[in-house]
Amino acid sequence: MGSWQLVETQVSFGAVSTFYEDNDVTYTFNSDGTLEIISTIAEFESQITTYEITEDCFFEDCPPDLSFLVTDIITIGDYRNLLLQIDEEILKFGTNDIGDGTDFIFERQ
């Protein structure tokens, strides 16, 4: 998936946005399933972790009557997120669409 620059986080259905400068936070997704997070700000920790993209129900043990909740999921470390958008320019994932969560919006480097 390559390298992505964090440009914005949205909390509470987009009611509160935080914007980031170039090189504040970079996510590099490697083909071996590792994710390198480089941060120059205290809000995010630089680290190497894992990621996986799957199609699944966001909720554990999703009953058949909720099969409409099956979607693309990106799991980073132990955290599951809805994969909301990925194309040549934008990567967006988070939990805002299912409740009071945070969405992360990236631009390709």
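About the criteria used
- Residues numbered from 1 in each chain as written.
- Predicted model: local features only at pLDDT ≥ 70, side-chain atom pairs only at ≥ 80, totals over all residues.
- Heavy atoms only, no water.
- Helix = DSSP H or I, 4+ residues; strand = E, 2+ residues; numbered from the N terminus.
- Rg over C-alpha atoms; globule rule 2.2 N^0.38 Å.
- Buried < 20%, exposed > 50% of the residue type's maximum accessible area, 1.4 Å probe, protein only.
- Contact = heavy atoms within 4.5 Å.
- Areas by Shrake-Rupley, 256 points an atom, 1.4 Å probe, with all protein chains shown as cover.
- Phe/Tyr/Trp six-rings, centres within 6.5 Å; stacked < 30°, edge-to-face > 60°.
- Salt bridge = Lys/Arg side-chain N within 4 Å of Asp/Glu carboxyl O.
- 1 Å grid on protein atoms, 1.4 Å probe; cavity = no way out; pocket = protein on both sides within 12 Å on 5 of 7 lines; lining within 4 Å.
- Points joined across faces, edges and corners; volume = space filled by probe spheres on them.
- Nonpolar A, V, L, I, M, F, W, Y, C, P; charged D, E, K, R; others polar.
- Core = buried A, V, L, I, M, F, W, Y, C linked by side-chain atoms within 4.5 Å.

(A) Inspection of the overall build of the chain at higher detail. Per the secondary structure count, the chain includes 0 helices and 9 strands. Traced from its N-terminal end to its C-terminal end, the chain shows the element sequence β-β-β-β-β-β-β-β-β. Taking 2.2 N^0.38 as the reference for a compact globule, 109 residues should give roughly 13 Å; the C-alpha atoms of the chain span a radius of gyration of 14 Å, in line with that estimate. Overall size of the chain, expressed as C-alpha extent along the three principal axes, is 45 × 35 × 25 Å. Within the chain, the proportion of its 109 residues that are buried is 37%. Considering only residue pairs separated by 6 or more positions, the chain has 34% of its internal contacts joining residues 24 or more positions apart. Put simply, the chain shows about 6600 Å² of open surface, and 48% of that area lies on carbon and sulfur atoms.

(B) Fine view of the packing of aromatic side chains. In total, this model carries 8 aromatic pairs according to the counting rule given. Ring geometry for Tyr 20 against Phe 44: centres 5.8 Å apart, planes inclined by 75°, an arrangement best described as edge-to-face. Placement of the pair is Tyr 20 in the loop between strand S2 (16-19) and strand S3 (25-29) and Phe 44 in the loop between strand S4 (34-39) and strand S5 (47-57), with a sequence separation of 24 residues. Assigned by exposure class, Tyr 20 and Phe 44 land together as buried. Between Tyr 27 and Phe 106, the ring centres sit 4.7 Å apart and the planes meet at 55°, which makes this aromatic pair tilted.

(C) Examining the pattern of salt bridges more closely. Overall, the coordinates contain 1 salt bridge when judged by the stated rule. Notably, a salt bridge pairs Asp 56 with Arg 80, separated by 3.6 Å at the nearest N-O pair. Taken together, the residues Asp 56 in strand S5 and Arg 80 in strand S7 (residues 79-86) connect sequence positions 24 residues apart. Judged by relative accessible area, which is 30%, Arg 80 ranks as partly exposed.

(D) How the structure looks around the layout of surface pockets. Put simply, the largest pocket is a space of about 340 Å³. Every element with two or more residues in the lining of the largest pocket is listed here: S5 and S7. Partitioning the lining of the largest pocket into residue classes produces 7 nonpolar, 4 polar and 3 charged.

(E) Seen up close, the nonpolar core. One finds Tyr 27, Phe 29, Phe 93 and Phe 106 to be the most contacted residues of the largest nonpolar core, which totals 17 residues. Elements that contribute at least two residues to this core include exactly strand S1 (2-11), S3, S4, strand S6 (70-76), strand S8 (90-94) and strand S9 (102-108). Among the elements that line this core, the one with the most residues is S3, at 3 residues. Not counting the four nearest positions on each side in its chain, Tyr 27 is found in contact with Gly 2, Ser 3, Trp 4, Leu 35, Glu 36, Ile 37, Ile 76, Phe 93 and Phe 106.

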